[in-house]
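Coordinates in review
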Amino acid sequence: MMSFTDFFWTSHEGLPLHARDYAPAGESQKLPVICIHGLTRNARDFEDLAPRIAATGRRVLAVDVRGRGLSARDPNPMNYHPGTYAADVVSLLQAAGIEKAVFVGTSMGGLITMVLTSFMPQTIAAAVLNDVGPELSPVGLARIAGYTGMASRFETWDAAVAYAKTINEAAFPAYTAEDWDVFARRLFDEQDGGFVLAYDPDIAAPIKAAAEAAAKSQAEGGAALAPPDMYPLFRALAKDRPLLLVRGGISDLIDPAIAERMKAAAPHMGYAEVPGVGHAPMLTEPQAWAAIENLLQEAP
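The present account deals with the structure reproduced in this document. (Residues numbered from 1 in each chain as written. Predicted model: local features only at pLDDT ≥ 70, side-chain atom pairs only at ≥ 80, totals over all residues. Heavy atoms only, no water.)

1. Section: the overall build of the chain
Counting its secondary structure elements, the chain contains 10 helices and 11 strands. Taking 300 residues into account, the globule formula puts the C-alpha radius of gyration at 19 Å, and the chain, at 18 Å, falls close to it. Taken over the C-alpha atoms alone, the chain extends approximately 55 × 50 × 45 Å along its principal axes. Across the chain, the fraction of contacts at a sequence separation of at least 24, relative to all contacts at a separation of at least 6, is 75%. (Helix = DSSP H or I, 4+ residues; strand = E, 2+ residues; numbered from the N terminus. Rg over C-alpha atoms; globule rule 2.2 N^0.38 Å. Contact = heavy atoms within 4.5 Å.)

2. Some points on the pattern of salt bridges
Applying the stated criterion across every chain, the model contains 16 salt bridges. Its salt-bridge partner being Glu 47, residue Arg 186 comes within 2.8 Å of it at the nearest N-O pair. Highlighted residues: Arg 186 in helix H6 (residues 177-187) and Glu 47 in the loop between strand E3 (33-36) and helix H1 (49-55), separated in sequence by 139 residues. When sorted by exposure, Arg 186 lands in the same class as Glu 47, which is buried. (Salt bridge = Lys/Arg side-chain N within 4 Å of Asp/Glu carboxyl O. Buried < 20%, exposed > 50% of the residue type's maximum accessible area, 1.4 Å probe, protein only.)

3. Focus on the side chain of Thr 113
For Thr 113, the position within the fold is in helix H3 (residues 108-119). Classification of Thr 113 as buried rests on a relative accessible area of 1%. When near neighbours in sequence (up to four residues on either side) are disregarded, Thr 113 contacts Ile 36, Phe 103, Gly 105, Ile 124, Ala 127 and Leu 237.

4. Thoughts on the nonpolar core
Counting residues in hydrophobic clusters, the biggest one holds 96 residues, and the most contacted among them are Ile 34, Phe 103, Phe 188 and Phe 234. Considering each element in turn, this core owes the most residues, 7 residues, to helix H2 (residues 82-96). If we ignore the near neighbours within four places in the chain, the residues touching Phe 103 are Ile 34, Ile 36, Val 89, Leu 93, Thr 113, Leu 116, Thr 123, Ile 124, Ala 126, Ala 127 and Val 128. (Core = buried A, V, L, I, M, F, W, Y, C linked by side-chain atoms within 4.5 Å.)

5. Section: the packing of aromatic side chains
In the structure shown here, the tally under the stated rule is 14 aromatic pairs. Ring geometry for Phe 154 and Tyr 163: centres 5.0 Å apart, planes at 40°, overall tilted. Since its relative accessible area comes to 15%, Tyr 163 is described here as buried. Three or more aromatic residues joined by ring pairs make a cluster, and in this case those are Phe 154, Trp 157, Tyr 163, Phe 188 and Phe 195. (Phe/Tyr/Trp six-rings, centres within 6.5 Å; stacked < 30°, edge-to-face > 60°.)

6. Focus on the sheet that holds strand E6 (residues 124-130)
Spatial ordering of the open sheet is given by E1-E2-E4-E3-E5-E6-E10-E11, a layout of 8 strands whose pairing is mixed. The strands lining the two open edges of the sheet, one partner per strand, are strand E1 (5-10) and strand E11 (270-274). With strand direction ignored, the average angle separating the axes of adjacent strands in the sheet is 20°. In this sheet, E6 lies alongside strand E5 (residues 101-106) in parallel orientation, the contact comprising 6 bridges. Directly across from Val 104, in E6, lies its bridge partner Val 128. (Pairing = 2+ DSSP bridges. Axes fitted to C-alpha atoms, helices over the stretch in contact; angles between N-to-C directions.)

Below, the structure written as C-alpha cells:
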C-alpha cells in the first residue's frame, strides 16, 4: 500500500477537517484527484484505489467528510448535508492550492460532486459517480436510513466484524472472512477497549428530520414531500467534461431503470457495471478500474 500524509484544513467556520494525501508517482503535471466517500464511510474506503491512481502520476486527496474519520464532528448536526460538504470541498481546494481536479464520488460523495457544480463548476475537470445519480431508489435509501446512526460501539472485534458483514453482506456476497476483516477495519476505530464506528451518529439527524417532516405532512393530509430535482445539477456535471457512472450489478440504490435514464440525460457518459456487487463498488474491481483508467487518460 502506497503511503500517504495527513492533510488538515479548516472549514469556513473553523471546523478542523482531514484528508489522506497521496503523492503522485514521477513528476507528472496531471490534475489531482479528489475522492469523496459515502454517508457512513471515510477516507479509508479509498486505501486501495488511491495508490493506483497516484501511480498514474496524479496526486490524490481522499477526504474525511466532516463528522467522519479524522475530521471534526459538527456541533450542529443539521449541518450534515451535501451543501455544507460541498462548501468544505471548496475550502479544501483553496487550502491545497488546487484550481481544478478530477472527482471520484461514491454514493454521497457523488451527490457532493453534483452540488459542487453549483458552487465552482470550473474546478471539476472530470468526474466518476460511483453507484449514485440524480435520483435514487427508495429501496436503497430505506436500507441506508435503517442503519445510519443506530449501532455505534462493539466490545469485541468479532462483534464489530459481524456487524460490518450484516450491514453489507447483500452488497458483497462473495466476500470471505478475510475480506470482512479488512472491510471492518475501514469502518471502525478502537476506543476505550472497544470498537466504535468512525462517524458521528448525529449525521442521521437531517435524515430523521426530513422523514418526520414528510410523515407530519402526510398526517395532516398534505401531499408527499418530493425529493429535490438533481437532474439540472447532473446535466451541468455532464456538460463538456468526461463523466463515468460505475454501477454495482446488484445495487439497490441505482437500479437499471435509473441507470438508463442517466444515460439518456448524458449520452456521452461512460458506463461500467460491476457484476455480483451491490452498493457500492470499491472501484478496484476489474470492470470499474478499467473504466476509471480510461477516464483518467481522457482527463487533463
